[in-house]
Amino acid sequence: MTPLLYYIISAVLSVVILYGISLMSQVKTAVRGNQLSALATAAAIITTLIYFGILSVPVALVIVLIGLALGAFAGIYLAQKVKMIQMPEMVGMLNGVGGAASALVGGAAMFVPESAFSLLTAVLALLVGTLTFTGSAVAAAKLAGIINGRPIVWRGHQAITLIASLLMLLTIVLAFLPGVPMGYVVAAAALVSAFWGIAVAVRVGGADMPITISLLNSFSGVAGSIAGMAIGDILLVSVGGIVGASGLLLTQIMCRAMNASLADILLGKTSVSGTAQKKPSPSNQLSEEKVRTSDPAQVLSRAKKVIIVPGYGMAIAQAQHLVKELADTLEAKGAQVKYAIHPVAGRMPGHMNVLLSEADVPYEQLYEMDDINEEFAACDACLVVGANDVMNPAARDSEDTPISGMPILNVDMAPEVIICNYDLKPGYAGVENPIYSRQEGLSLLLGNAADTLRQLLADLKGAAPAAPPEVSEPAVAAAAALKGAKKVIIVPGYGMAIAQAQHLVKQLADALEALGAEVKYAIHP
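Residues numbered from 1 in each chain as written. Predicted model: local features only at pLDDT ≥ 70, side-chain atom pairs only at ≥ 80, totals over all residues. Heavy atoms only, no water.

**Student:** What is the right way to read the state of the cysteines from this model?
**Tutor:** Covalent bonding between the sulfur atoms of two cysteines defines a disulfide. Using the criterion set out here, one finds 0 disulfides in the structure. Free of any disulfide, C379 has its nearest cysteine sulfur in C382, 5.9 Å distant. You can call C382 buried: its relative accessible area is 0%. (Disulfide = S-S within 2.5 Å. Buried < 20%, exposed > 50% of the residue type's maximum accessible area, 1.4 Å probe, protein only.)

**Student:** Could you clarify how one ought to interpret the packing of helix 1 (residues 3-23) against helix 2 (residues 30-51) in this entry?
**Tutor:** Geometry of a packed helix pair, given as the angle between the helix axes and the separation of the axes. Following both chains from N to C, one finds helix 1 and helix 2 inclined at 160°, their axes separated by 7 Å at the closest point. When the axis of helix 1 is compared with that of helix 2, the two are roughly antiparallel. The two elements helix 1 and helix 2 cross, and the hand of that crossing is left-handed. Between helix 1, through P3, Y6, I9, L13, V16, I17, Y19, G20, I21 and L23, and helix 2, the contact on the second element is made entirely by A30, R32, G33, L36, S37, A40, T41, A43, A44, T47 and Y51. Residue composition of the contact of helix 1 with helix 2, grouped by class: 15 nonpolar, 5 polar and 1 charged. (Axes fitted to C-alpha atoms, helices over the stretch in contact; angles between N-to-C directions. Helix = DSSP H or I, 4+ residues; strand = E, 2+ residues; numbered from the N terminus. Parallel < 35°, antiparallel > 145°, perpendicular 65-115°, else oblique. Left-handed = near helix turned anticlockwise from the far one by under 90°. Contact = heavy atoms within 4.5 Å. Nonpolar A, V, L, I, M, F, W, Y, C, P; charged D, E, K, R; others polar.)

**Student:** What is the right way to read the nonpolar core from this model?
**Tutor:** As a rule of thumb, soluble globular proteins bury nonpolar side chains together. Counting 37 residues, the largest nonpolar core has Y339, L383 and L453 as its most contacted members. Filtering out sequence-adjacent residues up to four positions away, Y339 remains in contact with I308, V323, K324, A327, L356, V361, Q365, L366, Y367 and I372. Ranked by size, the runner-up nonpolar core spans 27 residues in total, among them C255, C379, I419 and L444. (Core = buried A, V, L, I, M, F, W, Y, C linked by side-chain atoms within 4.5 Å.)

**Student:** Just to check I follow, could you spell out the pattern of salt bridges for this structure?
**Tutor:** Side-chain pairs of opposite charge can arise where the charged atoms are in close proximity. In total, this model carries 8 salt bridges according to the counting rule given. Where E325 meets K461, a salt bridge forms, and the shortest distance between an N and an O atom there is 3.2 Å. On the criterion of sequence distance, the pair formed by E325 in helix 13 (residues 320-332) and K461 in the loop between helix 17 (449-460) and helix 18 (473-483) is long-range, its members being 136 residues apart. The salt bridge partner of R454 is D451, with a shortest N-O separation of 3.4 Å. Of this pair, R454 and D451 both sit in helix 17, 3 residues apart, roughly one helical turn. Overall, the relative accessible area of 46% leaves D451 in the partly exposed class. Each of the salt bridges in this network shares a partner with another, and the network as a whole consists of K305, K338 and E375. (Salt bridge = Lys/Arg side-chain N within 4 Å of Asp/Glu carboxyl O.)

**Student:** In this structure, what is going on with the packing of aromatic side chains? I would like to understand it.
**Tutor:** When we look at a pair of aromatic rings, we describe it by the centre distance and by the angle of the planes. Under the definition given, this model contains 6 aromatic pairs. A ring pair is formed by Y51 and F52, whose centres lie 5.1 Å apart and whose planes are at 85°; its orientation type is edge-to-face. Among the residues examined, Y51 registers a relative accessible area of 24% and is labelled partly exposed. In this structure F52 comes out as partly exposed when scored by relative accessible area, which is 37%. Seen in terms of ring centroids, F73 and Y77 are 6.4 Å apart; in terms of plane orientation they differ by 20°. Their pairing is stacked. With F73 and Y77 both in helix 3 (residues 58-81), this residue pair falls 4 residues apart, about one helical turn. For Y77, a relative accessible area of 44% puts it in the partly exposed group. Through a chain of ring-to-ring contacts, three or more aromatic side chains come together here, namely Y6, Y7, Y51 and F52. Taking NZ or CZ as reference, K338 lies 4.7 Å from the ring centre of Y367, over its face. (Phe/Tyr/Trp six-rings, centres within 6.5 Å; stacked < 30°, edge-to-face > 60°. Lys NZ or Arg CZ within 6 Å of the ring centre and 35° of its normal.)

Shown next as structure tokens:
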């Protein structure tokens, strides 16, 4: 392959990947964009192997094929096993894996630099790639609940981070000093940058993780682009630059949506710390059961226009299918249903869009904040499922709070508000929500969102109150049998359709697979 042909192919593949990323910005075309970018990336791998003559070196080819096989196996396994609720931490770790790959390339290139520029970019690739990996690992651990999701601030945290930054600059200088073993420089650069990534990531609160993940995504692209410079691979430079730029643009958009600077987010200033003391407020003293000033089922039965606001609580409860079922019920009664999506709702960019798409919510019903905010005052009812900070009026009406000035969904302007949240505690920002103290047009259905939505659905359909059913002995025996099963076959029938139980069947299958069982569905013609 001639250099000219390689450059042409690289340009075409870069444009295809860029186009695929642009398709991902719309729910309707996101899957196609993801597939297109994946195919272009595979083509880029093959092009690289051919152009650099790796196919003609048996040892190198074997190593590459083993790596590809292991990567493909891991990707297929994770695609089948990772649940939708685990997607934020999965995305975070994928960013980290990209950073680690760039760090390995940079570290290897430091031992055989072709020029001073090659050595400089190799060190930078190692530094940026390693901090991306450790920062992503901490972000994923926070999202998974392995470590505290609140900002973690050490004594002298800022000074420690500054010292680590200076040490990273020192490793760059050491790489150019004659007589300093390169192995020591590589090890020092990796250790210092790994610590820097941890130090920065632990200060970020869980609610700010969407911005952190998009920033780390940008870092992984930047690391890849720099690694491409180190080894003279223009295709890697181009693709890494595209990923880095798109991640940075998304980070800016989300910072603007929170009306917060990136520095404040990375310093944990937009969330309260885990040790912060909150003053008691009327909302915290309300009953922790059902608080109603309106009958939510009657409100929804009469409503002709309903806006649903999903949040992280919906993801935790895995209640997106119940939300869709409730929306279908409302539409069957003649109501118009729309979904209001806040840019930073959830724990990763587009988190709510992904969950609702999984539940087959039509993409035409998903509206961004700026497009739907004026409609809250004109709707008949607003249903909030697991959201807090993104609809807290204190962001608009109060000063000197972590969320002051942040654009919010105007839920408080709706004439009737139904809130299905776990409790009345403040969100990650630690700011009390005045909506909870509203004196009229409010229904607070507290508890697990899946349970409260199931009850609301029963009330809406005119069913008897959905009290927790008594568990019969056969049900206990069946549960015990399923818990120990390694292979389960599910036989659906018309009764499942009558009960509209397909989503519960899917949840049961997910629970069995999480316990290690293999699940199959037997379909009669």
